[in-house]
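Below are the chains, spelled out letter by letter.
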Amino acid sequence: MYNTKAYSAASATSPLASDTIARRDLTEHDVQIEILFCGICHSDLHMVRNEWGGGTVYPIVPGHEMVGRITQVGSAVTKYKPGDLAGVGCMVDSDGTCPNCKTGLEQFCPNLTLTYNSPDKHLGGVTYGGYSDSIVVDERFVLRVPTNLDLAGVAPLLCAGITTYSPLRHWGVTKGNKVGVVGLGGLGHMGVKFARAFGAHVVVFTTSPGKTEDALRLGAHEVVVSRNADEMQKHAGSFDFILDTVSAKHDINAYLNLLRLDGNITLVGAPEKPLEISAFSLIMGRRNLSGSNIGGIAETQEMLDFCGEHNITADVEVIPIQKVNEAYDRLLKSDVKYRFSIDMASLKSE
């Protein structure tokens, strides 16, 4: 093992603070990465504050949106070499033998190892995430990062990016489709960028009229204020696909009624309480309601390559690690456009 600097929380009510953690020495299939930027995901806040059913193990080092440079590789590593840019997302291992893994859907593996707060089969305890100087990961879960993109803006692609790209791809969004994006936050702004790049006609739904200008800048063709019943009615029965990124309680039936025959709405936001769904909203148009999380490793690499080709990154506010607690407070108020990205060079001064 070796020690590396990190930021951790000691309890659900403790602020994140400077710490030292152990990382495993490289096995033959491992890659060591110096972390340059790490995005802040809303799930980091939920996990640190133990808001998801009591599963947080302390101390916790969050972070599953990291971009860095490879410093060492194991003796059997063939895909990477020192100096390569690399990314690590929400998962760092899986069993590799289940039907899901064999079809490139590692994110649904029953024995998935998450990047942080997941049982660590190498060192015991739990895995530690990207709010740290470095990380050691099996090469199968390391991603190649396009060299033409701003690295601070690449980091959130490893979660927010793939979370929105995967359902758009799965449901076959393509040129000529009419696509809605509900909510314009960390997930929604990426959904807009991807849907536009796929050639779709993109409509953003927001409760905030003040977001209209930004939505259009990001690539939307139209913006609908969802509280305006007349505006909503104009789009009834016309959408091929709607991506719902909202995590607050909202009326899902209002959006189901906007779908055309056989249209689909996919949830990537996770409201705390169950949504009330009218059966008639589904039955009358043979409409589909589905959910999605991240993508598998192959699809995540496809997404990064697509971003390289189309010059797509997340809109980020770059912060030093010392401002992470302030960033968490701002995240609760949706006071960021649209993701925080931590410049991990700031950790060296701790």
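Residues numbered from 1 in each chain as written. Predicted model: local features only at pLDDT ≥ 70, side-chain atom pairs only at ≥ 80, totals over all residues. Heavy atoms only, no water.

1. Focus: the overall build of the protein chain
Phase 1: When its secondary structure is counted, the protein chain shows 11 helices and 17 strands.
Phase 2: For 350 residues, the compact-globule formula gives about 20 Å, and the C-alpha radius of gyration of the protein chain, at 20 Å, lands near that figure.
Phase 3: With respect to the three principal axes, the spread of C-alpha positions in the protein chain is 60 × 40 × 35 Å.
Phase 4: Looking at the 350 residues of the protein chain, the share that counts as buried comes to 55%.
Phase 5: For the protein chain, long-range pairs separated by at least 24 residues make up 67% of all intrachain contacts whose partners lie at least 6 apart in sequence.
Phase 6: In the structure as shown, the protein chain presents an accessible area of about 15000 Å², 51% of it carried by carbon and sulfur atoms.
Phase 7: Counting 31 positive and 39 negative side-chain charges, the protein chain places the averaged centre of each group 4 Å from the other. (Helix = DSSP H or I, 4+ residues; strand = E, 2+ residues; numbered from the N terminus. Rg over C-alpha atoms; globule rule 2.2 N^0.38 Å. Buried < 20%, exposed > 50% of the residue type's maximum accessible area, 1.4 Å probe, protein only. Contact = heavy atoms within 4.5 Å. Areas by Shrake-Rupley, 256 points an atom, 1.4 Å probe, with all protein chains shown as cover. Lys, Arg positive; Asp, Glu negative; His and termini not counted. Charge placed at Lys NZ, Arg CZ, Asp CG, Glu CD.)

2. Quick word on helix 5 (residues 188-197)
Phase 1: Within helix 5, 8 of the 10 residues are buried, which leaves the element mostly enclosed by the surrounding structure.
Phase 2: One or two steps after helix 5, the chain reaches Gly199, where phi turns positive at roughly 95°.

3. A closer look at the environment of Glu34
Phase 1: Assignment of secondary structure puts Glu34 in strand 3 (residues 30-40).
Phase 2: Owing to a relative accessible area of 27%, Glu34 belongs among the partly exposed residues under this scheme.
Phase 3: For the pair Glu34 and Thr127, spaced 93 residues apart in sequence, the C-alpha separation works out to 17 Å.
Phase 4: The residues contacting Glu34, other than those within four sequence positions of it, are Val67, Gly68, Arg69, Thr71, Asp133, Ser134 and Lys348.
Phase 5: One polar contact links Glu34 to Lys348, side chain to side chain, over a distance of 3.5 Å. (Polar contact = N/O pair within 3.5 Å; in protein donor to acceptor, adjacent residues only side chain to side chain.)

4. Digging into the packing of helix 4 (residues 160-170) against helix 5
Between two packed helices, the angle of one axis relative to the other and the distance separating the axes together describe the packing.
Phase 1: Helix 5 packs onto helix 4 with a crossing angle of 45° between their chain directions and a minimal axis gap of 9 Å. The orientation of helix 4 with respect to helix 5, classified from their angle, is oblique. Relative to helix 5, helix 4 is oriented so that their crossing is right-handed. Contact residues: Ala160, Gly161, Thr164, Tyr165 and Leu168 in helix 4; Met190, Gly191, Phe194 and Ala195 in helix 5. (Axes fitted to C-alpha atoms, helices over the stretch in contact; angles between N-to-C directions. Parallel < 35°, antiparallel > 145°, perpendicular 65-115°, else oblique. Left-handed = near helix turned anticlockwise from the far one by under 90°.)

5. Notes on helix 4
Phase 1: Burial analysis of helix 4 places 9 of its 11 residues in the buried class, the great majority of the element.
Phase 2: Ala160, Gly161, Ile162, Thr163, Thr164, Tyr165, Ser166, Pro167 and Leu168 are the residues of helix 4 that are buried.
Phase 3: Buried residues belonging to helix 4 abut strand 10 (178-182), helix 5, strand 13 (239-244), strand 14 (259-267), helix 10 (297-310) and strand 17 (339-343).
Phase 4: Once helix 4 finishes, Gly172 follows within two positions and takes phi at roughly 70°, a positive value.

6. Some points on the sheet that holds strand 12 (residues 222-225)
Phase 1: Strand order in the open sheet formed by 6 strands is 12-11-10-13-14-15, with parallel pairing between adjacent strands. The two strands at the open ends of the sheet, each matched to only one other strand, are strand 12 and strand 15 (288-291). Between one strand axis and the next, the sheet turns through 20° on average, direction left out of account.
Phase 2: Across the sheet, helix 4 lies against strand 10, strand 13 and strand 14, angled at about 160° from strand 13, the strand it touches most. (Pairing = 2+ DSSP bridges.)

7. What about the nonpolar core?
Phase 1: If you look at the biggest cluster of nonpolar residues, it comprises 88 residues, and the most contacted ones within it are Ile40, Tyr131 and Phe194.
Phase 2: Looking at this core, the element that brings in the most residues is strand 3, giving 6 residues.
Phase 3: Judged by nonpolar contacts, the second largest core, of 13 residues, contains Val182, Met232, Phe239 and Ile252. (Core = buried A, V, L, I, M, F, W, Y, C linked by side-chain atoms within 4.5 Å.)

8. As for the pattern of salt bridges
Phase 1: Inspection of every chain in the model, using the stated rule, returns 18 salt bridges.
Phase 2: Close ionic contact of Glu302 with Arg169 constitutes a salt bridge, the shortest N to O distance being 2.7 Å. Residue Glu302 is located in helix 10, and its partner Arg169 is located in helix 4; the two are separated by 133 residues in the primary sequence.
Phase 3: Residue Glu302 is classed as partly exposed on the basis of its relative accessible area of 30%.
Phase 4: In this structure, Asp315 and Lys193 form a salt bridge, with 2.6 Å as the shortest nitrogen-oxygen distance. Taken together, the residues Asp315 in the loop between helix 10 and strand 16 (316-320) and Lys193 in helix 5 connect sequence positions 122 residues apart.
Phase 5: Owing to a relative accessible area of 15%, Lys193 belongs among the buried residues under this scheme. (Salt bridge = Lys/Arg side-chain N within 4 Å of Asp/Glu carboxyl O.)

Geometric descriptors of this kind do not, in isolation, establish any biological role.
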